[in-house]
Amino acid sequence: MVSKKSKTWHWSQDVHQLFKKIGIKQVAYVPDGGLAKLLERCQADKSMRSVVLTTEEEGVAQMAGAWLGGQRGVLLTQSGGVGNCINMLSMMQECRIPLLSLVSMRGEWGETFPWQVPMGQSTIPALEAAKVIVHHVDQAEKVPETVQAAAKLAFDANRAVAVVISQRISGSGSKG
Amino acid sequence: MAARRKITLDRRKVVANILKDRGDLLLVTGLGAPTWDAASVEDNPNNFYLWGGMGGAVLTGLGLALAQPQRRVLVLTGDGEMLMGVGGLATVAVQKPSNLAIGILDNQRYGETGMQETHTEHGVDLAAMASGAGFQTTSTVYNAAELKTAIPMLYNTPGPVFVDVKVTAEDQPMILPPRDGPTLKHRFRENLLGSI
Ligand SMILES: Cc1ncc(C[n+]2csc(CCOP(=O)(O)OP(=O)(O)O)c2C)c(N)n1
Ligand SMILES: [Mg+2]
């Protein structure tokens, strides 16, 4: 593994390795630029099934099915996708089904694209209103340990958890 | 748009027929009447009933089917519930789960909320949508003979399989299975995996 001090290190390397270590078998997403490197690594990995969704709420339901069938999965979403998930999250809360989710923020740190701002600013309040536990992280080096902690809370303590990855890490975007 | 034919099938009898020889089938039911239909046959630990999460039945089935490739998984849901998550047909078709089948109890109504018409009443053809998404096996069933042909498809034809069963729009007595979420989850997992 490349040292964290190296210029070529990216948090997605360690997070992908962590996914393997904790037995993530289903990776569901609608693509987002901030997650692109992680998506590529997961897609290239035959030990996990990548599932491209038409809308993020599909991924919430898929994660429920995966857990019922004895597999662990992860839902990767842009902050905009959180808005698409709200009603489906009731299933996780009501059944106490684990949900591990990584949310790539837009409409936040240094955003220049105005249409991302409304949902970006609603993302954390919406997650909290839906009783999803939020771990916010704004330093790249801290993403892997945060995902690891979130995975324990999700799969061992049966909770819905979102690791919200600040736009400070992915860089300010000006595209969708 | 589908050709209009007379709808005669009774949903309770349809579901009883589908589940008669279910073996070790894993069943996911969509909210409302499909859940009560399944419960009217028997409450089985291999059933996972959705009591909410409208639009999520098919993707719950996909997650389960991918996790349990050796087991047949059937999603039974309503036309309204299917329409809310209709993009999921594309997601499923791309994944090609060979062990997943979807059966729609299509009364062309939002039954639970007062029998309001759904889009299928106006000709929207769910089987054609599944076919357009890439399902190789699809069927629309109007009568007992067609149902007899379709049931083995739900169990044996390599998936994903999609069968739209046209059923009459009649209220049936509510038969309520357990609805406590953790209970349903625990018993399903315990029965399937031997642990919770
Ligand atoms: C997100 C959401 N919107 C609306 C409802 C209200 N609702 C509950 S059941 C139902 C109708 C379901 O229709 P269908 O799936 O066709 O089942 P049927 O009762 O006709 O068999 C609706 C609209 C809901 N529960 N959730
Ligand atoms: Mg209906």
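Residues numbered from 1 in each chain as written. Chains lettered and ligands numbered in written order. Predicted model: local features only at pLDDT ≥ 70, side-chain atom pairs only at ≥ 80, totals over all residues. Heavy atoms only, no water.

As for the overall build of chain A
And step 1. Looking only at helices and strands, chain A has eight helices and six strands in total.
And step 2. Mapped from its N terminus to its C terminus, chain A presents α and β elements in the order α-β-α-β-α-β-α-α-β-α-β-α-β-α.
And step 3. Here chain A has a C-alpha radius of gyration of 15 Å; the compact-globule value for 176 residues is 16 Å, and the two agree.
And step 4. If one aligns the C-alpha atoms of chain A with their principal axes, the spans along those axes are about 40 × 40 × 25 Å.
And step 5. Classification of the 176 residues of chain A by burial places 55% in the buried group.
And step 6. By sequence separation, contacts in chain A at least 24 residues apart represent 74% of the contacts at least 6 residues apart.
And step 7. Of the roughly 7600 Å² that chain A leaves accessible, carbon and sulfur atoms contribute 52%. (Helix = DSSP H or I, 4+ residues; strand = E, 2+ residues; numbered from the N terminus. Rg over C-alpha atoms; globule rule 2.2 N^0.38 Å. Buried < 20%, exposed > 50% of the residue type's maximum accessible area, 1.4 Å probe, protein only. Contact = heavy atoms within 4.5 Å. Areas by Shrake-Rupley, 256 points an atom, 1.4 Å probe, with all protein chains shown as cover.)

Quick word on the confidence of the model for chain B
And step 1. When pLDDT is averaged across chain B, the result is 96; 98% of the residues are at 70 or more.
And step 2. For this predicted complex, the interface confidence comes out at an ipTM of 0.97, alongside a pTM of 0.97. (pLDDT = per-residue confidence, 0-100.)

Things to note about the coordination of the magnesium ion (ligand 2)
Residues and elements named next belong to chain B.
And step 1. For the magnesium ion (ligand 2), every protein donor is listed as D79 (OD), N107 (OD1) and R109 (O), and the spread of their distances is 2.1 Å.
And step 2. If you list the donors of the magnesium ion (ligand 2) from N- to C-terminus, the spacing comes out as D-x27-N-x1-R. Pair noted here: D79 is in helix α4 (residues 79-84) and R109 is in strand β5 (residues 109-110), with a separation of 30 residues, a long-range link.
And step 3. For D79, a relative accessible area of 1% puts it in the buried group. (Donors = N, O, S within 2.8 Å, 3.2 Å for Na, K, Ca; no water.)

Notes on the site of ligand 1
And step 1. The local shell around ligand 1 holds 17 residues, among which D79(B), G80(B), E81(B), R109(B) and G111(B) are the closest.
And step 2. Chains contributing residues near ligand 1 are chains A and B.
And step 3. Take R11(B): an N or O atom from its side chain is 3.0 Å from an oxygen atom of ligand 1.
And step 4. Between ligand 1 and D79(B) there is a distance of 2.8 Å, counted from an oxygen atom to a side-chain nitrogen or oxygen.
And step 5. Contact with the protein chains hides 77% of the accessible area of ligand 1, taken as 590 Å² for the molecule alone.
And step 6. Those elements that provide at least two residues to the shell around ligand 1 are α2 (33-41), α4 and β5 of chain B.
And step 7. When residues in the shell around ligand 1 are grouped by element, the largest group, four residues, is from α4(B).
And step 8. Of the residues in the shell around ligand 1, the class split is six nonpolar, six polar and five charged. (Near = heavy atom within 4 Å. Polar contact = N/O pair within 3.5 Å; in protein donor to acceptor, adjacent residues only side chain to side chain. Nonpolar A, V, L, I, M, F, W, Y, C, P; charged D, E, K, R; others polar.)

Structural notes on the packing of aromatic side chains
Any two aromatic rings considered together are summarised by their centre-to-centre distance and by the angle between their planes.
Residues and elements named next belong to chain B.
And step 1. Enumeration according to the criterion identifies three aromatic pairs over all chains in this entry.
And step 2. Each ring, one from F48 and one from F188, has its centre 6.2 Å from the other, and the planes form 80°; the classification is edge-to-face. Here F188 lies in helix α8 (residues 181-193) and F48 lies in strand β2 (residues 47-49), a separation of 140 residues in the sequence. Of the two residues, F48 and F188, neither departs from the other in class, the shared state being buried.
And step 3. Ring centres of F135 and F162 lie 6.0 Å apart, and the angle between their planes is 85°; on these two criteria the pair is classed as edge-to-face. (Phe/Tyr/Trp six-rings, centres within 6.5 Å; stacked < 30°, edge-to-face > 60°.)

Topic: the sheet that holds strand β6 (residues 160-165) of chain A
All names here are of chain A.
And step 1. Read across the sheet, six strands follow the order β2-β1-β3-β4-β6-β5 without closing on themselves; strand pairing throughout is parallel. Each edge of the open sheet carries a strand with a single partner, namely β2 (49-52) and β5 (133-137). The sheet shows a mean angle of 20° between the axes of neighbouring strands, direction not considered.
And step 2. Across four bridges, the pairing between strand β1 (residues 24-29) and β2 is parallel. The residue of β2 that forms the bridge with V27 is S50. (Pairing = 2+ DSSP bridges. Axes fitted to C-alpha atoms, helices over the stretch in contact; angles between N-to-C directions.)

Points about the sheet that holds β2(B)
All names here are of chain B.
And step 1. The strand order β2-β1-β3-β4-β8-β7 describes an open sheet built from six strands, whose pairing is parallel. Of all strands in the sheet, those bounded by a partner on one side alone are β2 and β7 (137-141). The sheet shows a mean angle of 15° between the axes of neighbouring strands, taken without regard to direction.
And step 2. Here five bridges tie β7 to strand β8 (residues 161-166), and the two strands are oriented parallel to one another. Residue pairing across strands places T137 opposite V161, the latter belonging to β8.
And step 3. Docked against the sheet, α8 engages β1 (26-29) and β2, running at close to 160° with respect to β2.

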